[in-house]
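Descriptive structure summary
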Number of protein chains: 2
Amino acid sequence: MARSLGRIYKGFQRLGSLSSTQTQLRHPPTTVSVRGTTFVRTMVALPSLFFSKPRDFSLPNSSWGSEMMRLYEHYNSQCEVETEEGEKQEGPWRRLPSYNRFLKYATGGVYLSKIIQSKARLFTRNIRDPGAAFEYVLFVNSEEQKCMCIFQAGHLLEGPPGHVHGGAIATMIDTVTGTHATILSGPVMTANLNINYRRPIPLGSTVLLESSLDKKEGRKTFISCKVTSSDGSKLHTETTALFLSINFSQLLLGE
Amino acid sequence: MARSLGRIYKGFQRLGSLSSTQTQLRHPPTTVSVRGTTFVRTMVALPSLFFSKPRDFSLPNSSWGSEMMRLYEHYNSQCEVETEEGEKQEGPWRRLPSYNRFLKYATGGVYLSKIIQSKARLFTRNIRDPGAAFEYVLFVNSEEQKCMCIFQAGHLLEGPPGHVHGGAIATMIDTVTGTHATILSGPVMTANLNINYRRPIPLGSTVLLESSLDKKEGRKTFISCKVTSSDGSKLHTETTALFLSINFSQLLLGE
């Protein structure tokens, strides 16, 4: 069993090293937050030989309301800016693509294939019907060490009548802070989420999640996150989150 | 706006009073945890005139594995016990039914109808494919002031490869502790969830959530919750949760 897991781990390492190479070629690593374990999604960086083009769920679709679109355009327009000489260059923000499978499009032998061929789907992207569940897009600002997420809550996320389930809010917080921690510290695992719920979120509304680095200490990355109304006037939740840096092997061995 | 919400609230109150009456007729109130707001589900208690029979998601289906079934039978067999005289009577545990819509089958005028006719679905029951997402059943023990939840995690809840998303775990914790708080204190809203993640949960596995009352102070209900492997040998998460008692009107007015 341990040997098998070791082989899977080596597969991940191999994919990871491919990812790193490609990262230097201006393909930034795509991250996914997973119960706080946010991994670099290697599929983006793999040669096209290995995959067909996956759907990027973070791009606008017909379900996005005017507030979602307005905010998307606000941050997206700052991903590439024009210099005084009229040249385009990277802006302060970077949009992170988002997929619904882990390593869906990679190959890696019998062990990886078992994972790839499974029916597993990322929790936040497990419903394909546009607008029904989690519609969101993440932007990262490396200089300010911040992540912003625009989140439109669909009708399948109900908790109290007409409002978003506390677990769905926690899911978005884990996703955003976990992604942010990974960008800052590499692969991590959520160790703690401490969420204060201040005000319920109406179903169908668009809110902002803002994630900020508090501090890093050894293996620990401390993040805080606020969920506010789209204009920032209402505070819905406040969270502190702690992430621990890990190796894939720790996860695969269930440690 | 306030008047309209007031009318909705009155509708809820009316339904609530019907529920209470039926409760005395051995139809226990069914609760639903909603971002911590756990409400008595009145539909169970409404006269059959008002509804067609809804699907109870907490009953066994073909996707339930042997561990899920074993634990279900363990607790279900303690819901009704036989006396020495051979008479049947209530046991220490009570199973809570679970539906995917709030007030789906009730009527209550134009305002309630708007809610009823909406496409909204309870977050934890928004996928009908058996075994794909959250399979769970709750049992409550009033004497011990405990709730037990048996939870089988489906393949659509993935976070880290092969493991359950931290947000899906938080969702189950919110659901179980919120339901428990409502049974103890009436309608409540989650004020805080403080979750320590100790060990990841493999996709497809069955785990136990055990919710215990810590204390009640005025409007506050303090609950703690452990998620363990089905045999209790592995601790996956530890949580403290705080709930505040509310009126429906507070929620409807977004307070």
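Look a little higher up for the structure.
We now turn to the structure provided with this report. Since the structure is predicted, the reported quantities are computational estimates derived from the model, not experimental observations.

A word on the pairing of strand S10 (residues 220–229) of chain B. Residues and elements named next belong to chain B. Here strand S9 (residues 206–217) pairs with S10 via ten bridges, running antiparallel. Looking across to S10, one finds that Ser 211 is bridged to Cys 225. Linking two consecutive strands that pair antiparallel, namely S9 and S10, is a turn of two residues; a positive phi of about 55 degrees is found at Gly 218 within it. Sheet analysis places S10 next to strand S11 (residues 235–245), joined by nine bridges and oriented antiparallel. Looking across to S11, one finds that Thr 221 is bridged to Phe 243. Hairpin geometry of S10 and S11 is characterised by an intervening segment of five residues between the two adjacent antiparallel strands and by a positive phi of about 80 degrees at Gly 232.

The subject of this paragraph is the packing of aromatic side chains. Scanning all chains against the criterion turns up 15 aromatic pairs over all chains. Consider the rings of Trp 64 of chain A and Tyr 72 of chain A, whose centres lie 5.5 Å apart with planes at 75 degrees: the pair is edge-to-face. For Trp 64 of chain A, a relative accessible area of 6% corresponds to the buried category. Ring-pair connections join several aromatic residues into one group, and the members of that group are Phe 123, Phe 134 and Phe 151 of chain A together with Phe 123, Phe 134 and Phe 151 of chain B. A cation over a ring is seen here: Lys 215 of chain A above Phe 222 of chain A, with NZ or CZ 4.9 Å from the ring centre. Lying over the aromatic face of Phe 57 of chain B, Arg 55 of chain B brings its terminal NZ or CZ to 4.1 Å of the ring centre.

When the charged atoms of two side chains lie near each other, side chains of opposite charge can form a pair. All names here are of chain B. As enumerated under the stated definition, the model contains ten salt bridges over all chains in all. Arg 70 is the partner of Glu 67 in a salt bridge, and the nearest nitrogen-oxygen pair spans 2.8 Å. With a gap of three residues between them, Glu 67 and Arg 70 both fall in helix H2 (residues 66–76), about one helical turn apart. Taking relative accessible area as the criterion, Glu 67 reaches 25% and is therefore assigned partly exposed.

What counts as what
The written sequence of each chain sets the order in which its residues are numbered from 1. As a convention, the first chain written is A and the first ligand written is 1, with the rest following in written order. pLDDT decides what is reported in this predicted model: residues at 70 or higher carry local features, side-chain atom pairs at 80 or more are listed and counted, and totals for whole chains, interfaces and linings draw on all residues regardless. As a rule here, side-chain values cover all heavy atoms of the structure and leave hydrogens and water aside. Here the rule is simple: two strands pair whenever DSSP picks up at least two bridges between them. Under the scheme used here, helices are H or I runs from DSSP no shorter than 4 residues and strands are E runs no shorter than 2 residues, and both carry numbers assigned from the N terminus. A pair of aromatic rings is counted whenever rings of Phe, Tyr or Trp (Trp by its six-membered ring) have centres within 6.5 Å, and the orientation is called stacked for planes under 30 degrees apart, edge-to-face for over 60 and tilted otherwise. When accessible area is computed with a 1.4 Å probe and restricted to protein chains, residues below 20% of their type maximum are described as buried, those above 50% as exposed, and intermediate ones as partly exposed. A positively charged side chain is recorded as over a ring if its NZ (Lys) or CZ (Arg) lies within 6 Å of the ring centre. The angle to the ring normal must also be within 35 degrees. Salt bridge, as used here: a side-chain nitrogen of Lys or Arg that lies within 4 Å of a carboxyl oxygen of Asp or Glu.

In short, the description is geometric, and any link to function would need to be established separately.
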